[in-house]
Amino acid sequence: MSRHLTSIESLTGLLAFAAAVEARSFSAASRKLGLSASAVGKAIERLELRLGMRLLNRTTHALSLTGEGNVLYRHVVKIIGSLRDAEQELHSMERTPCGPLKVSVPTVIGRRIVLPAMVDFQQRFPEVVVNLTLEDRRLDLVEEGYDIALWLGDLENSSLHARCLGPLRLTTFATPNYLRQHGTPCTPADLARHRCIHYRPPFTQRIETWRFKGSPPFTSPLPATILNDEEAIAAAALAELGIAQAPAYLVDEEIAAGRLQQVLEDHATVRGGISLVWPQMCGQVPRTRAFIDFIAARICAQLYPATGPTSQGVPAQPVRHRPA
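The present account deals with the structure reproduced in this document. (Residues numbered from 1 in each chain as written. Predicted model: local features only at pLDDT ≥ 70, side-chain atom pairs only at ≥ 80, totals over all residues. Heavy atoms only, no water.)

1. Some points on the pairing of strand S5 (residues 148–153)
Then step 1. Of all 6 residues in S5, 6 are buried, a share of seventy percent or more.
Then step 2. Note: strand S3 (residues 99–105) against S5, 2 bridges, orientation parallel. Residue Val-103 lies in a different strand from S5, and its bridge partner there is Ile-148.
Then step 3. Examined bridge by bridge, S5 and strand S13 (residues 270–278) share 5 bridges and lie antiparallel to one another. Within the sheet, the bridge partner assigned to Leu-150 lies in S13 and is Leu-276. (Buried < 20%, exposed > 50% of the residue type's maximum accessible area, 1.4 Å probe, protein only. Helix = DSSP H or I, 4+ residues; strand = E, 2+ residues; numbered from the N terminus. Pairing = 2+ DSSP bridges.)

2. A short note on the layout of surface pockets
Then step 1. Put simply, the largest pocket is a space of about 670 Å³.
Then step 2. Contributing to the lining of the largest pocket are 24 residues, with Arg-138, Leu-152, Pro-201, Arg-206 and Glu-208 lying nearest its centre.
Then step 3. Only S3 and S5 provide two or more residues apiece to the lining of the largest pocket.
Then step 4. Among the elements that make up the lining of the largest pocket, the one with the highest residue count is S5 (4 residues).
Then step 5. In terms of residue class, the lining of the largest pocket is built from 9 nonpolar, 4 polar and 11 charged.
Then step 6. Roughly 320 Å³ of internal volume is contained in the second largest pocket.
Then step 7. Put simply, the parts of the chain that give the lining of the second largest pocket at least two residues each are helix H5 (107–124), strand S6 (161–174), helix H8 (230–238), helix H9 (248–256) and helix H10 (286–303). (1 Å grid on protein atoms, 1.4 Å probe; cavity = no way out; pocket = protein on both sides within 12 Å on 5 of 7 lines; lining within 4 Å. Points joined across faces, edges and corners; volume = space filled by probe spheres on them. Nonpolar A, V, L, I, M, F, W, Y, C, P; charged D, E, K, R; others polar.)

3. Looking at the packing of aromatic side chains
Then step 1. Enumeration over the complete set of coordinates arrives at 5 aromatic pairs.
Then step 2. For the ring pair Trp-210 and Phe-218, a centre distance of 5.6 Å and an interplane angle of 50 degrees mean the geometry is tilted. Taken as a pair, Trp-210 and Phe-218 share a single burial class, namely buried.
Then step 3. Ring pairing ties together the aromatic residues Phe-121, Phe-125, Phe-291 and Phe-294, which thus form one cluster.
Then step 4. If you follow Lys-102 out to its NZ or CZ, it ends over the ring of Tyr-146, 4.5 Å from the centre. (Phe/Tyr/Trp six-rings, centres within 6.5 Å; stacked < 30°, edge-to-face > 60°. Lys NZ or Arg CZ within 6 Å of the ring centre and 35° of its normal.)

4. Focus on empty space enclosed by the protein
Then step 1. Here the structure, examined in full by the defined rule, presents 2 cavities of 30 Å³ or more.
Then step 2. Within this model, the largest cavity holds a volume of roughly 80 Å³.
Then step 3. Lining the largest cavity we find Tyr-199, Glu-208, Thr-209, Trp-210, Glu-230, Ile-233, Gln-245, Ala-246, Pro-247 and Arg-271.
Then step 4. Mapped onto the lining of the largest cavity, the elements with two or more residues apiece are H8 and strand S11 (243–247).

5. What to know about the side chain of Arg-163
Then step 1. Take Arg-163: it is sitting in strand S6.
Then step 2. Residue class for Arg-163 comes out buried when judged on its relative accessible area of 13%.
Then step 3. At 2.9 Å, the side chain of Arg-163 and the side chain of Asp-293 are in polar contact. (Polar contact = N/O pair within 3.5 Å; in protein donor to acceptor, adjacent residues only side chain to side chain.)

6. With respect to the pattern of salt bridges
Side chains that carry opposite charge are capable of pairing whenever their charged atoms lie near each other.
Then step 1. Summed over all chains, the structure comprises 13 salt bridges.
Then step 2. Note that Asp-293 and Arg-163 form a salt bridge whose closest N and O atoms lie 2.9 Å from each other. With Asp-293 in helix H10 and Arg-163 in strand S6, this pair connects stretches of sequence that are 130 residues apart.
Then step 3. For Arg-169, the salt bridge identified is with Asp-252, shortest N-O distance 3.4 Å. With a gap of 83 residues between them, Arg-169 in strand S6 and Asp-252 in helix H9 connect regions that are remote in the sequence. (Salt bridge = Lys/Arg side-chain N within 4 Å of Asp/Glu carboxyl O.)

So, in structure tokens, the structure goes:
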């Protein structure tokens, strides 16, 4: 005869058993559990049959524990106490942001914006433990157990929910000295005569094409340099290796300081947006909501300072684009 107590039926019997001991009758236990007195009695009988021993002495007026029942009851009380503690902790987590949070962000925004912001986040939400991954690869959030990710560019066909923070503006640039020596392109077609610095995303062999308003995607016939790190793109342009295109946030400061010069401004366009994405169920958790609101405000304040309060994105919507 099986003596295991790990089945659902046994757990039901354990709850009925503990309620009967504490209430001292099946009828009182049934009212506590919302069951009939016969259901409580049968659950305990099945538990006794499974264990192969009597747990309760029954009389017409009272219940009493057998020696074996007393041993089991001491353990069941601990189990029920742990379940109640877990329930209270879960209810507390519903009200106050706390617990672990697994987040993925792109490397550059992670270093420049997210990491410096974490001091303020930790002060505001000290009970949230953030496990932050800086990686330019788009991870599978559900498969790899992530709660939130920051994605750049076009959103994929997905069941994830998303909050778009703003457009991912692209800028084409070079040093003033390079442009003096080689000329300033007036149209995207002029780029074919220039040395170009192209970006190859990590974990791929695909060179990212450049985008321009009203023109087809561009890849230099003979790129001078191909790099797999976006920050290195700006560094290569500063080293006068050629003309480059990158997200505007990478080089806005360099352009403002005059170390780099934007070209083809009239043809500038965007490559999708900057979006926070998360699995549907994660968005209901207080720590997830707190991080989304906090980091959205911080990113918008730094990347879109002129757009005002509306820069904090739009309400979360499922990402349901047509497959590419």
